[in-house]
Amino acid sequence: MTAQQKVIDAVRARFGPKAALTDADVIAPWLNDWRGRYHGAAAAILQPDSTEAVAAMVTLAGQHGVALVPQGGNTSMVGGATPPEDGSALILSLRRLNRVRRIDAAANLAEVEAGVILADLHDAALAQGRRFPLTLSAKGSATVGGLVSTNAGGTQVLRFGTMRGLVLGLEAVLADGSIHGGLAALKKDNRGYDLNQLLIGAEGTLGVVTAASLKLVAAVHARAVAWIGLASPHAGLELLQRLEAATDTIESFEIIPARSLGAVLRHIPGTRAPLSGDHGWHVLIEAVAVSAEQEAPAQLIERLLGPALESGLAEDATIAANEAQAEAFWKLRESISEAERASGPALQHDISVPVAAMPDFMIDGAKAVETRFPGVSAGAFGHLGDGNVHFHVRAPAGSAADWAKTHSDVISPFVHDLVVAAGGSISAEHGIGQMKRDELARLSSSARMHALAAIKRAFDPRNLLNPGKLVFLAPERADQ
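If you're wondering where the values come from, they're calculated on a predicted model, not measured in any experiment.

Before going further, it helps to spend a moment on the overall build of the protein. For the protein, the helix and strand inventory stands at 17 helices and 18 strands. Relative to a compact globule of 480 residues, whose C-alpha radius of gyration would be 23 Å, the protein shows 23 Å and is just as compact. Considered along the principal axes of its C-alpha atoms, the protein spans approximately 75 × 55 × 45 Å. When the 480 residues of the protein are sorted by exposure, 53% land in the buried category. The long-range share in the protein, meaning contacts at least 24 apart out of those at least 6 apart in sequence, stands at 72%. Total accessible area on the protein is roughly 20600 Å²; 52% of this is exposed by carbon and sulfur atoms. Placing the 42 positive and 50 negative side-chain charges of the protein at their respective mean positions leaves the two points 4 Å apart.

Listed below in structure tokens is the structure:
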């Protein structure tokens, strides 16, 4: 009997048949990554329904030297939750840990398990007059554990930061099966290394997040969404700086080039341009008020955009007249990736550079790529306010469907070199996973890589938690 089968049998004996799924048809959808680039194999999906069950399964796997790949909604953009191709790991699904343990509106805190879907967390907080201020397009499937483990961002980072700033405490199972009980939301805690912060963004390589205490904020009383036409990303940055100097209620500031908007209008049914006329660039702005005492967001935006229009900084603008139109504006932004997939093969890069350098990078970086690789088209869109854009390189017309796969080894390093030269990061919000692991090693200092490897060895010396992701460690034998 194989070591994996021993683990499967032991899990079933202790927790019942639903705790270990081995039907190939049931497992199949969870073997591929979100983008369809990585394909793995696994003999079973282990399904704990409590932190104690996670601890028991991790302990069993350790006793038999079996690797585990923690998985939530399987929405990773970098192959971070895909099991190895050789079938050497079992999937540890956290989806049954889906309880909202408590919402404390007075303390602005939610304690939720790792398998809670983001949209469900939004609903639970809203029912108590609060909200969790992080959202992204995969909110209907992304889980809290995955958001923590990848330090997810989204469209509200401008005001509230990434998951790292929204996590108040964590519960996790470490590689030896012990439970880290760090859920208490302490404002001061000087007991040495912050284990919670080490686990955030670790992509399941140091421990399995089972629950989190998360920061909530007041529910939105009113919001306004505006669409502005601009001549350049430099104008966009100047507009952002003016708005930030005048108010702290701007939660989203998304920049979109005309080419990306055009792709959405061509490929996404029911979409229409918010503005008449041609504009090289566009920004989508959302402002909110949390009480009736605050200035109405629509009035605020109108007041602040007036001088920008008069001076020519903004070419044109419109404010959504109602919620339906506001959602239509957001649909344009959230459909860009879908529209670009429909336009043909492309390589997507999730990068960040200092905010002040972003306008130049968006223009000069695209030109550099198009010059180096004739026939491609390059462009960027996304979160200008926090220096994070999605930099896409599109295949020449008529390219084969596998163009991205056959050209990524040449084009992506070129893009990453440009990013590093600009003082940026090759991963702003999607993580490293397996897709960027080698590039991280190539472009990082020896100090960073030695520290990452040392932390991994200290937490998981046998490399049994999500092996092959983030950092590479040669697996050790079970008897070592």
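Picking up where we left off.
This next bit is on the packing of helix 10 (residues 258-267) against helix 13 (residues 336-343). Interhelical geometry of helix 10 versus helix 13 gives an angle of 75° and a closest axis separation of 8 Å. By the criterion of interaxial angle, the relationship of helix 10 to helix 13 is roughly perpendicular. Residues Ser260, Ala263, Val264, Arg266 and His267 of helix 10 touch helix 13, and the partners they reach there are Ile336, Ala339, Glu340, Ala342 and Ser343. In the contact of helix 10 with helix 13, the residues fall into five nonpolar, three polar and two charged.

Turning our attention to the sheet that holds strand 10 (residues 207-215). Here we have five strands laid out as an open sheet, ordered 5-6-10-8-9, and antiparallel in their pairing. On the outer flanks of this sheet lie strand 5 (100-104) and strand 9 (179-182), each paired with one strand and no other. On average, adjacent strands in this sheet sit at an angle of 15° to one another, irrespective of strand direction. Alignment of strand 6 (residues 109-113) against strand 10, held across five bridges, turns out to be antiparallel. When the sheet's bridge partners are listed, Glu111 is paired in strand 10 with Ser213.

On to the domain arrangement of the protein, then. What the domain assignment reports for the protein is domain 1 (3-93), domain 2 (100-218), domain 3 (221-343) and domain 4 (344-429). Inter-centroid distance (C-alpha atoms) of domain 2 to domain 3 is 29 Å. Of the residues lining the interface, seven residues belong to domain 2; the matching set on domain 3 comes to twelve residues. A buried area of about 810 Å², summed over both sides, lies between domain 2 and domain 3, and 53% of it is on carbon and sulfur atoms. Among the residues domain 2 hides against domain 3, the three largest losses belong to Thr155, Leu158 and Arg159. Together they make up 69% of the total. The tally of links between domain 2 and domain 3 comes to two salt bridges. We note a salt bridge from Arg131 to Glu251, for which the minimum N-O separation is 2.5 Å. Here domain 2 is connected to domain 3 by five residue pairs in polar contact (both at pLDDT 80 or more). Ranked by residues supplied to the side of domain 2 that touches domain 3, first place goes to helix 6 (residues 157-160) with three residues.

To continue, consider helix 13. Every buried residue of helix 13 is accounted for by Ile336, Ala339 and Glu340. Down the axis of helix 13, the sector holding all buried residues measures 95°, keeping them to one side. The inward-facing, buried residues of helix 13 contact strand 13 (250-257), helix 10, helix 12 (323-334), strand 17 (377-383) and strand 18 (388-394). Two residues or fewer past helix 13, Gly344 is found with a positive phi of approximately 135°.

Conventions used here
- Residues numbered from 1 in each chain as written.
- Predicted model: local features only at pLDDT ≥ 70, side-chain atom pairs only at ≥ 80, totals over all residues.
- Heavy atoms only, no water.
- Helix = DSSP H or I, 4+ residues; strand = E, 2+ residues; numbered from the N terminus.
- Rg over C-alpha atoms; globule rule 2.2 N^0.38 Å.
- Buried < 20%, exposed > 50% of the residue type's maximum accessible area, 1.4 Å probe, protein only.
- Contact = heavy atoms within 4.5 Å.
- Areas by Shrake-Rupley, 256 points an atom, 1.4 Å probe, with all protein chains shown as cover.
- Lys, Arg positive; Asp, Glu negative; His and termini not counted.
- Charge placed at Lys NZ, Arg CZ, Asp CG, Glu CD.
- Axes fitted to C-alpha atoms, helices over the stretch in contact; angles between N-to-C directions.
- Parallel < 35°, antiparallel > 145°, perpendicular 65-115°, else oblique.
- Nonpolar A, V, L, I, M, F, W, Y, C, P; charged D, E, K, R; others polar.
- Pairing = 2+ DSSP bridges.
- Domains from an automatic or database assignment.
- Buried area = accessible area lost by both parts, 1.4 Å probe.
- Salt bridge = Lys/Arg side-chain N within 4 Å of Asp/Glu carboxyl O.
- Polar contact = N/O pair within 3.5 Å; in protein donor to acceptor, adjacent residues only side chain to side chain.
- Arc of directions from axis to C-beta.

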